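Chain and residue survey
The residues making up each chain are set out below.
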Amino acid sequence: MEYTKIEIKDRIGYITLNRPDKRNALSYEFVAEIKQAFNELKENKEVKVIILRAEGKAFCAGADLAYIQGLQNNTYEENLEDSNHLKELFYQIYTYPKVVIAQVQGHALAGGCGLATVCDFSFTVPEAKFGYTEVKIGFIPAIVKVFLLRKIGEGKAKELLLSGQLYTAEQAQAFGLVNKVVPSEELVSYVEQFAQQLITNNSGQSMAFTKQMIAEVQEKGLEEGLRYAAEQNAKARASEDCKKGIAAFLNKETPAW
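Residues numbered from 1 in each chain as written. Predicted model: local features only at pLDDT ≥ 70, side-chain atom pairs only at ≥ 80, totals over all residues. Heavy atoms only, no water.

Condition: UniProt positions are given in the numbering used here, feature names are shortened, and annotations may be inferred rather than shown by experiment.
Looking at an unreviewed UniProt entry, the protein chain carries the name Enoyl-CoA hydratase, with the source organism given as Marivirga lumbricoides. Taken from UniProt, the Sequence similarities (unreviewed entry) comment for the protein chain reads in full: "Belongs to the enoyl-CoA hydratase/isomerase family."

**Focus on the sheet that holds strand E9 (residues 180-181)**
For the record, the criterion: Any two strands between which DSSP finds at least two bridges are classified as paired. To qualify as a helix, a DSSP run of H or I must reach at least 4 residues; to qualify as a strand, a run of E must reach at least 2; elements of each kind are numbered from the N terminus. Here, residues are in contact when the closest pair of their heavy atoms is within 4.5 Å. In this analysis an axis means a line fitted to C-alpha atoms, helices contributing only their contacting stretch, and an angle means the value between N-to-C directions, from 0 to 180 degrees.
Here six strands make up an open sheet; going across it, the order is E1-E2-E3-E4-E6-E9 and the pairing mixed. The two strands at the open ends of the sheet, each matched to only one other strand, are strand E1 (4-9) and E9. Contacts from helix H1 (residues 28-42) reach E1, strand E2 (12-17), strand E3 (49-54) and strand E4 (99-104) within the one sheet, and its direction differs from that of E1 by about 20 degrees. Lying on the sheet, helix H8 (residues 187-201) is in contact with E2, E3, E4, strand E6 (121-124) and E9; it crosses E4 at an angle near 170 degrees.

**Here's the deal with the layout of surface pockets**
Heads up, the rule is: Throughout, the protein atoms alone are placed on a 1 Å grid, and a set of points is a cavity if a 1.4 Å probe fits but cannot get out or a pocket if it is open with protein on both sides within 12 Å along at least five of seven lines; lining residues have an atom within 4 Å of a point. Grid points are joined across faces, edges and corners, and a volume is the space filled by probe spheres set on the points.
Space inside the largest pocket adds up to approximately 900 Å³. In terms of lining, the largest pocket is formed by 35 residues, of which the most central are Ala-63, Leu-65, Ile-68, Glu-134 and Phe-139. When contributions to the lining of the largest pocket are tallied by element, the ones reaching two or more residues are H1, helix H2 (65-70), helix H3 (76-94) and helix H5 (142-152). In terms of residue count, H3 provides more of the lining of the largest pocket than any other element does, six residues in total.

**Considering a negative patch on the surface**
This is how it is decided: To count toward a patch, a residue needs a relative accessible area over 30% and no salt bridge; like charges are then connected within 9 Å, while nonpolar side chains (Val, Leu, Ile, Met, Phe, Trp, Tyr) are connected within 5 Å. To be clear on the numbers: accessible area is Shrake-Rupley with a 1.4 Å probe, and residue cover counts the displayed protein chains and nothing else. For this document, the term salt bridge refers to a Lys or Arg side-chain nitrogen within 4 Å of an Asp or Glu carboxyl oxygen. The charged-residue count follows a simple rule in which Lys and Arg add positive charge and Asp and Glu add negative charge, with His and chain termini not counted at all. For charged residues, the charge sits on one atom: NZ in Lys, CZ in Arg, CG in Asp, CD in Glu. Only protein chains enter the accessibility calculation, which uses a 1.4 Å probe; a residue whose area is less than 20% of its type maximum is buried, one above 50% is exposed, and one in between is partly exposed.
A contiguous patch of negative charge on the surface is contributed by Glu-127, Glu-170, Glu-185 and Glu-186. Mapped onto the elements of the fold, Glu-186 is located in the loop between E9 and H8. Looking at Glu-186, the relative accessible area reads 39%, which means it is partly exposed.

**Brief notes about the packing of aromatic side chains**
Using the following cut-off: The aromatic pairing rule takes the rings of Phe, Tyr and Trp, using the six-membered ring of Trp, and pairs them if the centres are within 6.5 Å, calling planes under 30 degrees apart stacked, those over 60 edge-to-face and the rest tilted. Ring-over charges, as used throughout, are those where CZ of Arg or NZ of Lys falls within 6 Å of the ring centre and within 35 degrees of the ring normal.
Scanning the entire structure with this criterion turns up nine aromatic pairs. Their ring planes at 5 degrees and their centres at 6.5 Å tell us that Phe-121 and Phe-123 sit as a pair that is stacked. Ring pairing ties together the aromatic residues Phe-121, Phe-123, Tyr-190 and Phe-194, which thus form one cluster. Over the ring of Tyr-3 we find Arg-19; its NZ or CZ atom is 5.1 Å from the centre of that ring.

**Digging into H8**
Each full turn of the α-helix corresponds to 3.6 residues, which orients residues three or four apart in the same direction. In plain terms, the rule: By this rule the span expected of a helix is its residue count minus one, scaled by 1.5 Å. To be clear, the arc concerns the directions from the helix axis to the C-beta atoms.
The end-to-end C-alpha distance of H8, which contains 15 residues, comes to 21 Å, matching closely the 21 Å that a straight helix rising 1.5 Å per residue would cover. Inspection of H8 places Leu-187, Val-191, Phe-194, Ala-195, Leu-198 and Ile-199 among the buried residues, and these make up the whole buried set. Viewed end-on, H8 has its buried residues packed into an arc of 140 degrees, placing them on one side of the element. Opposite the buried face of H8, by more than 90 degrees, sit the exposed residues Gln-193 and Asn-201. Buried residues along H8 sit in contact with E2, E3, E4, E6 and helix H9 (204-217).

Structure (structure tokens):
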């Protein structure tokens, strides 16, 4: 792959955005490579947690505007196919059966901010800026807002999406876009330690089921949601990981996840 790197180390799968000269701006080919990287690591049993990171000063500047300009003469059907391509990446990460952590070492703007938003956890540095700037150039934050509304609610999402303003890392944390702001020299070690805590302490199967339920239960009414939750609860009791974990707890042992 030209713009994306994959590495596996200590049960962590690293996906690195590697287009620093374009501030990791997203083109059709770049999005395809990121999707391919997630697909490659999905069935790899050696990998339990994914860290999405980037080379260069920016995490991701959003869509490659030169690429978008080139699409303006396309038909609606051609543009819809391109939009679906990005939608599939965000949905892939949001519903991915492994925890995905965004290691945001620089600015995350527009679609790049969306990329960090759909990850399960996001950690960043004080120098990073966040924002959805689409309205400033006559575009719209269409796909990202579906996930943003779920993550932070309508009021905060409106402020971000309609203002088009940039926000500091601390403000992004207050909005709920990121989990924690970490000094730049500590970011890599902090994220890796956090990932190792998940790997060591938690059942991968349980995290996958929990993540799936979070994505699905929000679309259900109260009674339907509770029925779905009860069904998943019953299924989980019969899982191998649950049997293993409870047996270890009763024997005062630590399960080896």
